[in-house]
Each structure stands twice: as structure tokens, then as C-alpha cells.
Amino acid sequence: MEKIVEVKNLSFKYGVAEVLKDVTFSIDRGDYVGLGGHNGSGKTTLVKIILGLITPDVGDISVLGKNLKKFKQWSKIGYLPQSLSLFNPIFPATVYEVVSLGLISKKKFPRRITKSDEKIVDNALQELEIIDLKNKLISELSGGQQQRVFLAKALVNEPELLILDEPSNALDSKSRNHFFDLLHDLNKKKGTTIILITHDIGHIGEHANKLLYLDKNIVFYGKLSEFCDSESMEDVFGRESQHLICHQH
Amino acid sequence: MDISFFEFINYSFVQRAFISGIFVGILCSILGLFLVLRKLSLIGDGLAHVSFGAIALGVFCGFYPIYFAIPIVIISSIFIVKLTQKAKIYGDTAIGIVSSVGLAGGVLLASASNGFNVSLLSYLFGNILAISTSETYLSIALSLVVLAIVYLLYYELFAVTFNEEQANVTGIKSDRINLLLVILTAITVVLAIRVVGIMLVSSFFILPAVTALQISKGFKSAIFVSAFTAILSVIIGIFASFYLNLPAGASIVIVNFILFLLSFLWRKSM
């Protein structure tokens, strides 16, 4: 199985505070990994290191078979950050302008959006059922609509690896179900590899086929069936939590 | 004033004022939009204070002050960025440090050369109607260079201004784009000093941009509205200054502010 992400002996400190300690794992093509852990367990830091946004103190990272230091195929990665950090609320960009920004990773200098790109953007907006918002200002939309716009931006290049950081926070229950159905289809029909960060471990089992549970280092990484059968995980999570995760799976 | 409109616009000094003012106005308004959205509005003010020190040094050493100021202000703008990155301090603090050092340097040099002379005061308040032919050519040439860079790197500047982290994930080197933005701002500040003066230069960056933010329905449209506001302010401001016998730089700023108020009221009425 082709490895999409490989992390070896990764450690990272913010000042003197240890955030990640000797983390090693790999993600195969087509995996749907739920990345869980309590607040401050290092989930977002791990993802930011994989995306090259933070340089680790120690460790080797490869993405899509390339060492991260030499990695340039950014159009093959879609990233949806936590909603609160998405943009300046007075920014005057339209939905179309925001989603088209997702295409520039494919472009060479001088980067330009063409007429054919407009069709690609329209397709992404249609897929997310927000085509009617195309010319609206992003700041005028509800939290759930904004979340879908940023997902359209992350998906507009049809990425091989999609990384989502707490994506369902701004969504109501109907939008959340639609959102997770869409991720399921991307994973099953298009083979998109997904890393989904959530602190809500109780719901990971509904969506992911693998669980990576962090607490500075890896507490558990493997298939959900292995997690459900593991007595040591019962000791860590308690029988009730383990049952909740496995039952929903 | 008892001269006709056509007589007025036929004066070569008036034509130079319009040409320089419009070019510099467009430049300030477009860069201003990026700066305002990045919460770096006061970098124009900070670099103008540095320009004061650089111009005082130029006057003190007997060099032509504007040419002398451009490289010094560019170096200061790079220093602001590096100070922010390396010394772990916020951008506004770095601007404050560099600006106060520049201003203090200017005051010391002015003092050493027996106080503020007429030449130095003309840079403090600007005089668009006294712009020379060579300064007009310099304004046009540098404006075209800066506008070409903004055009070619439009999507990089847009992406980094919208969200630096997401821009990095699309392979854009946001550090380089940030550095470029402040260098372009440094060049523009020096050009704008002749138009509105050191004291008012930041308004040239901020007011057209905030006017555009009131009424624009997209980022590209914000750029055009910002540039249009700047052009309108320069034209009305120069006419107002001539016919009402007012200082040109201050008139342009007041017209800019009136346009901002009108756009604000228009948005509130929607």
C-alpha cells in the first residue's frame, strides 16, 4: 500500500513545553484517519508540521512520497483549518474569489485564473450546494455557509490528501450530516485520503476507518476494529467510551 | 481666483501636479488596501517618519533628499520586517521603534544644521504644486514599476492578505510576499511625501482603502474603488486648493475623508 504520509521520530517543543514526543506513524492511500486527543494533546501542531507550517525540532516527514523539505505538489493537498482562524471578517472577497484562491497552487508565475478555471470553481460550488452564493461576500454568510466555502476551496483541486481541523464546529446537525456524507463519498468513490481532527472522539467511529489518538505521543493508532478489541485501550478510555466509539462504528 | 478652468489646467505645474498626484494616489490606494486588511495601516506613518530622518540627512549632506531617502526607507522597511520576525515583537511595535528612531534622527540633524529650514518644512507638509519635471518622471516610472509588480503578483498578495497560513499551504512563500509589500510601501511613501507631506502620508494609504471597504462587493472591485477614490480626491483636492487658496495636500486628505464619510453613510442607508 502506498504511503501518503510518513512521520518518523517527530518531536516538537513550544519554548520549554513539550507538545509532541517521538511520534512515528504512516497513513496509507485511501485511509480515513480520525485524529483525536484532548485539548493541548498536539493534534493541530502535528497537522501543521505535516503541512510545513511549523518546523519540527526533530523528525522526518514525507508527504506523497517526497521529503517535506523538497515537497512542491501543494495542489494535491486540501486543508480546512479551524473556522475561527479562517479570515479577517472585514475582508471584501466574494465566495468565487475565495474558492478560486484554491487553484493558484497549480499555477506558475504569473498566476492567473482563466475562464476554464471558472468552470472548475463552479463545479466545486455546485458539489457543495453553494452555487447560489457565488457572488456573495464571504463575510455576509453564516458560519455553516462559510465552512462549506472553505471546504470548496480545499476540494477545488480534487486533492489526494484532505486535512480537516475540527470541521464540524460551525455546522448545524443537518449541515453536519451532509458534510460527513460528502467526505464519505470523497473517500470511497474518489479514493481521497482524509485526516480528520476532532476532540469529539465519540463520533470518530462514525466516519473514520482508522483512529490516531494523541497525547503528546501516540496512545493508539490502528484500525477501529483493533481499537475495539484492545483491552489496553479499555484501560485508557474506560469501557463506556470505548463502547461508544465502537458502537457507532 | 479670476482665471478660467482651461487657463488653470494649461499651467505646466498644474499638469505635473495632476499627473504625479494621480499616479501616486493610485499606488497608495492599492497598496493601502493590502496594508489595511493586514492591520498594517500605520506602516505608512512609520516609514514617513523614517523619511523625515532620511530627508534631513540628505539636506544636511547636500544631496537631493528624495533620491537619498528611497534606499534608506527601503532598508528601514526591511528592518521592520526582520525585527518582527527575529525579535519576537508585534509589527506595530517594530514600526513604532523604527519610526521614532527615524524621527529622532531627523530632529537631531535639523538641530545640528541650525534648526528646521524651509526645505525641510516643505517635506513635512508637501507641496504638490511645486513638483518638478524630474520628480514627475520619477513618480511615473516608479509607479509603473510598482503597479506592474502588484499586477504580476496579484494572487500571491491576495492570498497572503486573505490568510497567511492558507497561502503557505498553497506553496506561496508568505515571508517573501510580506517583505515585498513593505518594500513597495517604502518606495511609495517617499513618492507620496512630495504630494501630501510626511505628516499626512498615512492618510493617502488608509482613507481610499477604508472607503472601498464600505461599498465594495469583492476584492477586485475594492481595488478599483480604492484607486478611483484616490484619483477623485487628487482632482477635487487640487481644484479646491487652487480656487479656495488652500494647501493642496491637506485639501486632498479632507476630500478623501469626505468621500469616506459619504461611503459610510451610503452603506448605513442600505
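Each value, and the rule that gives it
- Residues numbered from 1 in each chain as written.
- Chains lettered and ligands numbered in written order.
- Predicted model: local features only at pLDDT ≥ 70, side-chain atom pairs only at ≥ 80, totals over all residues.
- Heavy atoms only, no water.
- Helix = DSSP H or I, 4+ residues; strand = E, 2+ residues; numbered from the N terminus.
- Rg over C-alpha atoms; globule rule 2.2 N^0.38 Å.
- Buried < 20%, exposed > 50% of the residue type's maximum accessible area, 1.4 Å probe, protein only.
- Areas by Shrake-Rupley, 256 points an atom, 1.4 Å probe, with all protein chains shown as cover.
- Lys, Arg positive; Asp, Glu negative; His and termini not counted.
- Charge placed at Lys NZ, Arg CZ, Asp CG, Glu CD.
- Contact = heavy atoms within 4.5 Å.
- Buried area = accessible area lost by both parts, 1.4 Å probe.
- Salt bridge = Lys/Arg side-chain N within 4 Å of Asp/Glu carboxyl O.
- Polar contact = N/O pair within 3.5 Å; in protein donor to acceptor, adjacent residues only side chain to side chain.
- Nonpolar A, V, L, I, M, F, W, Y, C, P; charged D, E, K, R; others polar.
- Expected span 1.5 Å × (residues − 1).
- Core = buried A, V, L, I, M, F, W, Y, C linked by side-chain atoms within 4.5 Å.
- Pairing = 2+ DSSP bridges.
- Patch = residues over 30% accessible without salt bridge, like charges linked within 9 Å, V, L, I, M, F, W, Y side chains within 5 Å.
- pLDDT = per-residue confidence, 0-100.
- Axes fitted to C-alpha atoms, helices over the stretch in contact; angles between N-to-C directions.
- Parallel < 35°, antiparallel > 145°, perpendicular 65-115°, else oblique.
- Left-handed = near helix turned anticlockwise from the far one by under 90°.
- Phe/Tyr/Trp six-rings, centres within 6.5 Å; stacked < 30°, edge-to-face > 60°.
- Lys NZ or Arg CZ within 6 Å of the ring centre and 35° of its normal.

Draft legend 1. Layout of the overall build of chain A. When its secondary structure is counted, chain A shows 9 helices and 10 strands. Radius of gyration (C-alpha) of chain A: 18 Å, near the 18 Å computed for a compact globule of 249 residues. Principal-axis analysis of the C-alpha atoms places the extent of chain A at approximately 55 × 40 × 35 Å. By the burial criterion, 52% of the 249 residues in chain A qualify as buried. Taken as a whole, chain A presents about 11,900 Å² of accessible surface, with 47% of it coming from carbon and sulfur. Each charge sign in chain A was given a centre, from 32 positive and 32 negative side chains, and these centres are 9 Å apart.

Draft legend 2. Up close: the interface of chain A and chain B. Each side of the interface is counted separately: chain A has 29 residues, and chain B has 26 residues. Between chain A and chain B lies a buried interface of about 2,700 Å² when both sides are counted; carbon and sulfur atoms form 64% of it. Scanning the region where chain A abuts chain B turns up 3 salt bridges. In this structure, arginine 111 of chain A and glutamate 156 of chain B form a salt bridge, with 2.7 Å as the shortest nitrogen-oxygen distance. For the pair chain A and chain B, the interface holds 11 residue pairs in polar contact (both at pLDDT 80 or more). For the side of chain A that touches chain B, the secondary-structure elements that each account for two or more residues are α2 (95–101) and α4 (143–155) of chain A. At 3 residues, α2 of chain A tops the list of elements feeding residues into the side of chain A that touches chain B. The class makeup of the residues in the side of chain A that touches chain B is 19 nonpolar, 4 polar and 6 charged.

Draft legend 3. Fine view of helix α2 (residues 12–37) of chain B. All names here are of chain B. The first and last C-alpha atoms of α2 sit 37 Å apart over 26 residues, in line with the 38 Å expected at 1.5 Å per residue. For α2, a buried count of 20 out of 26 residues is recorded, marking the element as mostly surrounded by other parts of the structure. With its phi angle positive at about 60°, lysine 39 sits one or two positions after the end of α2.

Draft legend 4. Up close: the nonpolar core. With 140 residues, the main nonpolar core has Leu164 and Leu183 of chain A together with Phe158, Phe162 and Phe219 of chain B as its most contacted residues. By residue number, the principal contributor to this core is α2 of chain B, which donates 14 residues. In this structure, Ile50, Leu51, Leu64 and Ile195 of chain A belong to the second largest nonpolar core, which totals 33 residues.

Draft legend 5. Inspection of the pattern of salt bridges at higher detail. Per the counting criterion, the structure on display carries 19 salt bridges over all chains. The salt bridge involving lysine 134 of chain A is made with aspartate 122 of chain A; its shortest N-O contact spans 3.0 Å. Of this pair, lysine 134 of chain A sits in the loop between α3 (115–127) and α4 while aspartate 122 of chain A sits in helix α3, and the two are 12 residues apart along the sequence. Across the pair glutamate 164 of chain B and arginine 38 of chain B runs a salt bridge, and its minimum N-O distance is 2.4 Å. Remark: arginine 38 of chain B occurs in the loop between α2 and α3 (43–61) and glutamate 164 of chain B occurs in helix α9 (residues 164–169); sequence separation between them is 126 residues.

Draft legend 6. View of unusual backbone geometry. Across the junction of phenylalanine 109 of chain A and proline 110 of chain A, the peptide omega takes the value -10°, indicating a cis bond. Assignment of secondary structure puts proline 110 of chain A in the loop between α2 and α3.

Draft legend 7. Spotlight on the pairing of strand β2 (residues 17–28) of chain A. Residue and element names in this part refer to chain A. Two elements, strand β1 (residues 3–14) and β2, share 8 bridges in a ladder whose sense is antiparallel. In the sheet register, tyrosine 14 faces β2, and the bridge partner there is alanine 17. Between β1 and β2, which pair antiparallel one after the other, the connecting turn spans 2 residues, and glycine 15 there sits at a positive phi close to 65°.

Draft legend 8. The arrangement of a nonpolar patch on the surface in detail. A grouping of Phe5, Phe6, Tyr243, Leu244 and Leu246 of chain B is seen on the molecular surface, where their side chains present a nonpolar patch of about 520 Å² in accessible area. Among the residues examined, phenylalanine 5 of chain B registers a relative accessible area of 39% and is labelled partly exposed.

Draft legend 9. Examining the environment of glycine 59 of chain A more closely. Residue and element names in this part refer to chain A. By the element assignment, glycine 59 lies in strand β4 (residues 58–63). Residue glycine 59 is classed as partly exposed on the basis of its relative accessible area of 29%. Taking the C-alpha atoms as reference points, glycine 59 and asparagine 9, separated by 50 residues in sequence, lie 4.8 Å from one another. Setting aside residues up to four positions removed in sequence, glycine 59 forms contacts with Lys8, Asn9 and Leu10.

Draft legend 10. Spatial organisation of the confidence of the model for chain B. A residue-level look at chain B finds 97% of positions with pLDDT of 70 or above and a mean pLDDT of 92. Helix α6 (residues 118–125) of chain B is the least confidently modelled element of chain B, averaging 80 in pLDDT, while helix α8 (residues 154–162) of chain B averages 97, the highest of any element.

Draft legend 11. Molecular detail of the packing of α3 of chain B against helix α11 (residues 201–215) of chain B. All names here are of chain B. In contact at an axis separation of 7 Å, α3 and α11 are set at 165° when each is read in the N-to-C sense. As judged from the angle between their axes, α3 and α11 are roughly antiparallel. Note that α3 runs across α11; the crossing there is right-handed. Between α3, through Gly44, Asp45 and Ala48, and α11, the contact on the second element is made entirely by Val201, Ser202 and Phe205. The class makeup of the residues in the contact of α3 with α11 is 3 nonpolar, 2 polar and 1 charged.

Draft legend 12. Spatial organisation of the packing of aromatic side chains. In this structure the tally under the stated criterion is 27 aromatic pairs over all chains. Ring plane angle 90° and centroid distance 4.9 Å describe the contact between phenylalanine 71 of chain A and tryptophan 74 of chain A, whose orientation is recorded as edge-to-face. Comparing phenylalanine 71 of chain A with tryptophan 74 of chain A shows no difference in burial state: the two are buried. For the ring pair phenylalanine 158 of chain B and phenylalanine 219 of chain B, a centre distance of 4.6 Å and an interplane angle of 10° mean the geometry is stacked. Remark: phenylalanine 219 of chain B occurs in helix α12 (residues 219–244) and phenylalanine 158 of chain B occurs in helix α8; sequence separation between them is 61 residues. Across this residue pair, the class does not change: phenylalanine 158 of chain B and phenylalanine 219 of chain B are buried. What links up through ring pairs into an aromatic cluster is the set Phe91 and Phe150 of chain A together with Phe34, Tyr154, Tyr155, Phe158, Phe162 and Phe219 of chain B. Arginine 112 of chain A extends its terminal NZ or CZ atom over the ring of tyrosine 151 of chain B, reaching a point 4.3 Å from the ring centre.

Draft legend 13. View of a positive patch on the surface. Positive charge collects at one region of the surface, where Lys66, Lys70 and Lys72 of chain A together with Lys173 and Arg176 of chain B lie side by side. Owing to a relative accessible area of 51%, lysine 173 of chain B belongs among the exposed residues under this scheme.

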